[in-house]
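Commentary on secondary and tertiary structure
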Amino acid sequence: MVDARPHDASPHRLPEGQRHVIFLGPAGAGKGTQAAKLAERLQVPRISTGDMLRDALAHGTPLGRAAAPYLERGDLVPDDLLIGMIRERIKAPDCAGGYILDGFPRTLPQAEGYEQMVGEDANLLVLNLEVPRAELLKRLSGRGRDDDKDKAVERRLQEYEDRTRPLIEFYSRRRQLHRVDGFRPVETVYRDLETILEGRA
Ligand code: AMP
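Every chain is numbered on its own, with residues counted from 1 as its sequence reads. Local features in a predicted model are, by the rule used here, given only for residues with pLDDT of at least 70; side-chain atom pairs are given and counted only at 80 or more, and totals for whole chains, interfaces and linings are based on all residues. Water and hydrogen atoms play no part in the side-chain values, which are based on all heavy atoms of the structure.

**Considerations on the overall build of the protein**
- A count of helical and extended segments in the protein gives nine helices and five strands.
- Split into buried and exposed, the 201 residues of the protein put 43% on the buried side.
- When checking whether two residues touch, look at their non-hydrogen atoms; a contact exists if any pair is within 4.5 Å. If you take every contact in the protein between residues at least 6 apart in sequence, the share linking residues at least 24 apart comes to 76%.
- Surface accessibility follows the Shrake-Rupley procedure with a 1.4 Å probe radius. Residue values consider only the protein chains on display as shielding. Carbon together with sulfur atoms contributes 50% to the accessible area of the protein, which is approximately 11,100 Å² in total. Numbering of helices and strands starts at the N terminus; helices are DSSP runs of H or I of at least 4 residues and strands are runs of E of at least 2. Only protein chains enter the area calculation, which uses a 1.4 Å probe; residues under 20% of their type maximum are buried, those over 50% are exposed, and those in between are partly exposed.

Quick look at the structure:
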């Protein structure tokens, strides 16, 4: 009997000790798309802090109310809120076999807070999707003209430059960072991520 399943249909496990994957990179770099594909392949949850915050906002929870003004402006939400939210989320049973963080950490205090949570020797895999600024602007504001929206897009990219970019150095020093050229077709980028995950890059 021939096994008709395509070779790559079987779920992969994260290599032992590499159970947390972090996606860095600015808004518009393709983190959400790639994180969702990888989560499906590895059969682990994708934790998107942006989705969690928007959800909290939609449900009018205390967290959502606290985050609302920041979300509207495109500013980063205060670190203590994010750290508390992630600390609770990763305790959930579905995270026991690993998870993918999409949009956290985004500041040095968040990265340090996370390191305290999981321990310094946790073998993180950090994927940095790199996309030129002009392309990011096109992707983020290409869907219509709206001054407020354009301002928020600018703010989000500026927040990235000022507060998230330093994480590249933070994780490079720990030898956990992998740089990926995100200015290519989705499937091409994804193949690179798989190669990294399999330890071949
Ligand atoms: P995203 O969908 O990941 O681009 O996130 C949307 C918005 O949620 C961001 O512009 C921030 O206002 C907020 N946000 C998401 N993740 C974080 C984080 N790790 N730290 C601070 N704010 C965040």
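**Description of the confidence of the model for the protein**
- You can read pLDDT as the predictor saying how much it trusts each residue, on a scale of 0 to 100. With 87% of its residues at a pLDDT of at least 70, the protein reaches an overall mean of 88.
- Across residues 1-11 the pLDDT falls below 50, and counting only partners more than four positions away or on other chains, this stretch makes four contacts in the model.

**Notes on the pattern of salt bridges**
- In what follows, salt bridge is the name for a side-chain nitrogen of Lys or Arg lying within 4 Å of a carboxyl oxygen of Asp or Glu. Here the structure, examined in full by the defined rule, presents 20 salt bridges.
- Two residues, Arg54 and Asp51, come together in a salt bridge whose shortest N-O distance is 2.9 Å. Here Arg54 pairs with Asp51, and both are found in helix α2 (residues 49-58), just three residues apart, close to one helical turn.
- Residue Arg54 is classed as partly exposed on the basis of its relative accessible area, which comes to 47%.
- Residue Asp181 pairs with Arg184 through a salt bridge whose shortest N-O separation is 3.9 Å.

**Examining the sheet that holds strand β5 (residues 177-181)**
- In short, DSSP must find at least two bridges between two strands for them to pair. Spatially, the five strands line up as an open sheet ordered β2-β3-β1-β4-β5, and their pairing is parallel. Among the strands making up the open sheet, the edge pair consists of β2 (46-48) and β5. Taken pair by pair, the neighbouring strands of this sheet meet at an average axis angle of 20°, ignoring direction.
- Here strand β1 (residues 20-24) runs beside strand β4 (residues 124-130); their pairing, made up of five bridges, is parallel. The partner of His20 across the bridge, within β4, is Leu124.
- For helices, the fitted line uses only the C-alpha atoms of the stretch in contact; every axis is such a line through C-alpha atoms, and the angle between N-to-C directions lies from 0 to 180 degrees. Lying over the sheet, α2 contacts β2 and β3 (99-102), oriented at roughly 60° with respect to β2.

**Examining unusual backbone geometry**
- Residue Pro105 is reached from Phe104 by a cis peptide bond, and omega for that bond is -5°.
- For Pro105, the location among the structural elements is in the loop between β3 and α5 (108-118).
- Even without a glycine there, the phi angle at Gln43 is positive, about 55°.
- In this structure, Gln43 sits in the loop between α1 (31-42) and β2.
- Phi angles above zero are rare outside glycine, and Arg175 is one such case at about 60°.
- Counting through the fold element by element, Arg175 comes out in the loop between α8 (166-173) and β5.

**Thoughts on the nonpolar core**
- Core analysis: the biggest nonpolar cluster contains 26 residues, and Ile22, Leu24, Leu101, Tyr114 and Tyr171 have the highest contact counts within it.
- For this core, the secondary structure elements donating two or more residues are β1, α4 (79-89), β3, α5, β4 and α8.
- The contact partners of Ile22, leaving out residues within four places of it in the chain, are Leu101, Phe104, Pro105, Tyr114, Leu124, Leu125, Val126, Leu127 and Tyr171.
- Counting 24 residues, the second-largest nonpolar core is a separate cluster that includes Ala27, Ala29, Leu127 and Val153. Side-chain atoms within 4.5 Å link the members of a nonpolar core, which is a set of buried Ala, Val, Leu, Ile, Met, Phe, Trp, Tyr and Cys residues.

**A short note on the side chain of Gln34**
- Relative to the assigned elements, Gln34 resides in helix α1.
- Two N or O atoms count as a polar contact when they lie within 3.5 Å, although within protein this holds only if one can serve as hydrogen donor and the other as acceptor, and sequence-adjacent residues are included solely when both atoms are side-chain atoms. Within the structure, Gln34 has its side chain in polar contact with the backbone oxygen of Val186 (distance 3.1 Å).
- If we skip the residues at most four places from it in the chain, Gln34 touches Phe23, Leu129, Val186, Val189, Tyr190 and Leu193.

**Thoughts on the site of the ligand**
- Being near a molecule or strand, for a residue, comes down to having at least one heavy atom within 4 Å of it. For the ligand, the set of nearby residues contains 14 residues, the closest of which are Thr49, Asp75, Gly103, Arg106 and Gln110.
- Within the side chain of Arg54, an N or O atom sits 3.0 Å from an oxygen atom of the ligand.
- In the model, a nitrogen atom of the ligand is placed 2.8 Å from a nitrogen or oxygen of the Gly103 main chain.
- Take the shell around the ligand: its biggest share by element is four residues, from α2.
- Broken down by class, the residue content of the shell around the ligand amounts to six nonpolar, four polar and four charged. Throughout this entry, Asp, Glu, Lys and Arg are counted as charged residues, while Ala, Val, Leu, Ile, Met, Phe, Trp, Tyr, Cys and Pro are counted as nonpolar. The remaining residues, Gly among them, count as polar.

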